[in-house]
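Architecture and fold: a report
What follows is each chain in one-letter form.
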Amino acid sequence: MEHWQNKHYSFFQNTACEYFPCHETKHPERFNCLFCYCPLYALGRNCGGNFRYTPSGIKDCSGCMIPHEKDNFGRITGRFQELCERLRRLEQTKE
Ligand code: SF4
């Protein structure tokens with residue numbers, strides 16, 4: 001078992017949210033609201049999720065449950081270093 005499993009900081013639900021659950025699921029009890037806006041969105045095509053691009057070029061994640069699945073806390077946080085590295089490189093190109 002991972003250190004973050006069954007911890008309050010890795011899973012919470014806002015069942016009072018007007019959109020809960022905001023993605024279709026057969027298991028709403030496992031629906032994690034922690035990453036409401038997916039941190040991996042910034043990885044573009046490399047996020048590893050089930051996205052599509054609309055004809056106008058918008059990344060549409062409505063078919064993806066990765067950030068909302070209870071067991072995926074480590075999968076999301078495990079890519080924070082990569083996100084930081086991308087930001088660092090982006091900032092360097094601006095200097
Ligand atoms: S919700 Fe899914 S498809 Fe969208 S950025 Fe996150 S992992 Fe990728």
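Notes on the structure follow. (Residues numbered from 1 in each chain as written. Predicted model: local features only at pLDDT ≥ 70, side-chain atom pairs only at ≥ 80, totals over all residues. Heavy atoms only, no water.)

**Some points on the pattern of salt bridges**
The final tally for this structure, using the stated rule, is six salt bridges. A salt bridge links Glu82 to Arg79; its shortest N-O distance comes to 3.0 Å. You can call Glu82 partly exposed: its relative accessible area is 30%. Residue class for Arg79 comes out buried when judged on its relative accessible area of 17%. The partner of Arg88 in a salt bridge is Glu85, and the shortest N-O contact between them spans 2.6 Å. Here Arg88 and its partner Glu85 are both found in helix α2 (residues 80-94), three residues apart, which amounts to about one turn of the helix. Each of Arg30, Glu69 and Asp71 takes part in a single network of salt bridges with overlapping partners. (Salt bridge = Lys/Arg side-chain N within 4 Å of Asp/Glu carboxyl O. Buried < 20%, exposed > 50% of the residue type's maximum accessible area, 1.4 Å probe, protein only. Helix = DSSP H or I, 4+ residues; strand = E, 2+ residues; numbered from the N terminus.)

**Overview of the packing of aromatic side chains**
A full pass over the atoms with the stated rule returns five aromatic pairs. Here the aromatic rings of Trp4 and Phe73 are separated by 5.4 Å at their centres, their planes lie at 50°, and the arrangement is tilted. Placement of the pair is Trp4 in the segment before β1 (52-53) and Phe73 in helix α1 (residues 73-77), with a sequence separation of 69 residues. Classification of Trp4 by relative accessible area gives buried; the value is 8%. Look at Phe51 and Tyr53: their rings are 5.7 Å apart centre to centre, the planes differ by 80°, and that puts the pair in the edge-to-face class. For Phe51, a relative accessible area of 22% translates into the label partly exposed. Ring pairing ties together the aromatic residues Trp4, Tyr9, Phe35 and Phe73, which thus form one cluster. Between the NZ or CZ atom of Lys59 and the centre of the ring of Phe51, over which it lies, the distance is 5.1 Å. (Phe/Tyr/Trp six-rings, centres within 6.5 Å; stacked < 30°, edge-to-face > 60°. Lys NZ or Arg CZ within 6 Å of the ring centre and 35° of its normal.)

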